[in-house]
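Residue-level listing of the chains:
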Amino acid sequence: MRRPLEIKAEEASVRSVVSLTSALESLSSMQIAKTKNKVLISNQFFDEVWNIYKQIRVDVLFNFGRAPEEKPINKELLILITAKAGLSGDIDQRLIRKFLERYDEAKHDVLVIGYHGALKLKQAHISYDYYFDLPEQDYINVDPLMDIIRKYARSRIFYQNYISLGQQTIEDVDLSEVVSSKGRVADLDTVGDSLVSEKTYIFEPSSFAVAAYLENSILRLTISQFIYDSRLAQVASRFRAMSAAKERSVETAGTLHVEYNRAKRNQVDTRLKESLAGLKKIRAEGAEV
Amino acid sequence: MADEAPIPVAEPDESAKTGGKPSMFVKVYAPFQVYFEGDAYSVSAVNDVGPFDILPKHRNFLCMLAPCQLVVQPVTGNAKKIKIHRALMHVKADKVVVFMDV
C-alpha cells in the first residue's frame, strides 16, 4: 500500500484539476450563452438578406462571383473550420476523421481555419495549402477566404454544427450547392408579388451589378454563418468535455480520499501493533528479571 | 347595371404623429449591431451613380452603396450620420433597410 502522504499529494493535485475544470466549465457556459445570443441576432440579419437574394436570383448557376472568362482550378477546395486551441473535446478530431474519408491528395487542396485543426493535420501527415486563424471578433472579414474560394471550381466546407448543449455534429456541404439550393426557392411561382425584378424595382447601378454583388454577399454571409456555427459548437463541446473531466476528477478525488484514510488508518494500526509488540516484549523481559 | 364607384376607405393617418409630414420606417444594421431603427423623413447616401436621397413614397429600390456617410433625418432628434464601408440598401413600401458589411 502507498504511503498516506503520497496519496494526499495526489489528491491535492486532483482537487486542483477539479477547480480548473470547474472554472473552465463555468467559462464555457458563459461563452455558450453569449455566442448563442449572437448567432440568433445574426441569423435574423442573414435571413433578411437571404430573402432578398431569393427574390432577385432566378437562375441557379452560382459561380462564386467569378467573371465568365475566369478559368477556375479544376480541383475541389476542402475548407476545415476548427478550434483555435485544444480543450474543446473530440469535436476537431471528429471533423478531421470526416475530412479524411473524402480527402484525396490529387483531387483536393486544403484550407484550414483554426490552429488546432492545422496541428491535427500535421499529426496525420497531411499538408495544407492555406491557413487562417479562427476569427474571434464579432465582425469576420472573409474576403481573403473568398479570394481563394473564387479560384476553385468547387469548394466543400467541413464545419461543426450546434444542435444542443449535449449534441454537436460534423457537417460537410458543397458551397455552391448550399447557396444555389437556397436560391432555388426563388421559383417565380412562389415569390409572387415580392419578386424583385426590373419591372418592379429600380436597380443602381444595374440589375446585373446588384445581382453579382448579392451573389458575393451571400457567399460571404454563408461562410460567416458557418464560422459562427462552428464557434458555438466548439464552446458547447468544450463545456461537455469540461463537465465530463470535472465529474471524473471529483470521482477520482473521492476515491483518493478514501484510499488516504485507509492508508492512514493502516499506518496507525501498524504503529499501534508495533507499540503493543514492544510493550509485550518489555513486560516479558521485566517478568524474566 | 351601372358601375359603382368604389367607396374610398380612409386609411389611418400615419402622418398625424409627424405633424402632417410623411415619414417612413428606416433600419440600418449589421449582423451584430443596429445603428438606427425608427421613423425618419429622409435617408441620404451615395452609390456608384452619385449622391441620392430617399423620401417617403419612394419606388421600390435596390442598390449597393459606395463608401460614404449615410445620413438619416429622424422624426425626432438630430440627423444621424453613419459611416458606410460596404452596404446594400433595400427600399419597399416606405420601409428602408440598409444591410451593412455585406
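All values derive from a computational prediction rather than experimental measurement. (Residues numbered from 1 in each chain as written. Chains lettered and ligands numbered in written order. Predicted model: local features only at pLDDT ≥ 70, side-chain atom pairs only at ≥ 80, totals over all residues. Heavy atoms only, no water.)

Notes on the pattern of salt bridges
For the record, the criterion: For this analysis, a salt bridge means a side-chain nitrogen from Lys or Arg found within 4 Å of a carboxyl oxygen belonging to Asp or Glu. Here a helix means four or more residues in a row that DSSP labels H or I, a strand means two or more in a row labelled E, and each is numbered from the N terminus. For every residue, the accessible area obtained with a 1.4 Å probe (protein chains only) is divided by the maximum for its type, and the residue is called buried under 20%, exposed over 50%, and partly exposed between those limits.
Scanning all chains against the criterion turns up 16 salt bridges over all chains. In this structure, A:Arg102 and A:Glu76 form a salt bridge, with 3.2 Å as the shortest nitrogen-oxygen distance. One end of the pair, A:Arg102, is in helix α2 (residues 91-102); the other, A:Glu76, is in strand β1 (residues 73-81), with 26 residues separating them in the sequence. With a closest N to O distance of 3.0 Å, A:Asp143 and B:Arg86 form a salt bridge. Of the two residues, A:Asp143 is situated in helix α4 (residues 143-151) and B:Arg86 in the loop between β6 (80-84) and β7 (87-92); the pairing between them involves two chains. Residue B:Arg86 is classed as buried on the basis of its relative accessible area of 13%. Three or more residues are tied together by salt bridges with common partners; here these are A:Glu76, A:Lys98, A:Arg102, A:Arg156 and A:Asp172.

A word on the packing of aromatic side chains
All names here are of chain B. Quick reminder of the rule: In summary, the pairing rule links any two rings of Phe, Tyr or Trp, Trp by its six-membered ring, whose centres are within 6.5 Å, and it sorts them by plane angle into stacked for under 30 degrees, edge-to-face for over 60 and tilted for everything else. Lysine NZ or arginine CZ positioned within 6 Å of the ring centre and within 35 degrees of the ring normal marks a charge as sitting over the ring.
One pass over the structure, following the stated rule, counts 14 aromatic pairs over all chains. Arranged with centres 5.9 Å apart and planes meeting at 45°, the rings of tyrosine 29 and phenylalanine 99 form a pair that is tilted. With tyrosine 29 in strand β1 (residues 24-30) and phenylalanine 99 in strand β8 (residues 95-100), this residue pair connects regions lying 70 residues apart in the sequence. Here tyrosine 29 falls in the buried class, since its relative accessible area comes to 3%. One cation-aromatic arrangement involves lysine 21 over tyrosine 41; the distance from NZ or CZ to the ring centre is 4.2 Å.

Looking at the confidence of the model for chain B
Regions with low pLDDT should not have their predicted coordinates read in detail. All names here are of chain B. As a reminder of what qualifies: On a scale of 0 to 100, pLDDT captures the predictor's confidence in every residue. Throughout, a residue-residue contact means that at least one pair of heavy atoms, one from each residue, lies within 4.5 Å.
On average, residues of chain B score 86 in pLDDT, and 81% of them are at 70 or above. Long-range and interchain partners of residues 8-13, a stretch whose pLDDT sits below 50, account for 0 contacts in this model, where long-range means more than four residues apart. Model confidence for the complex is summarised by a pTM of 0.76, with the ipTM given as 0.77.

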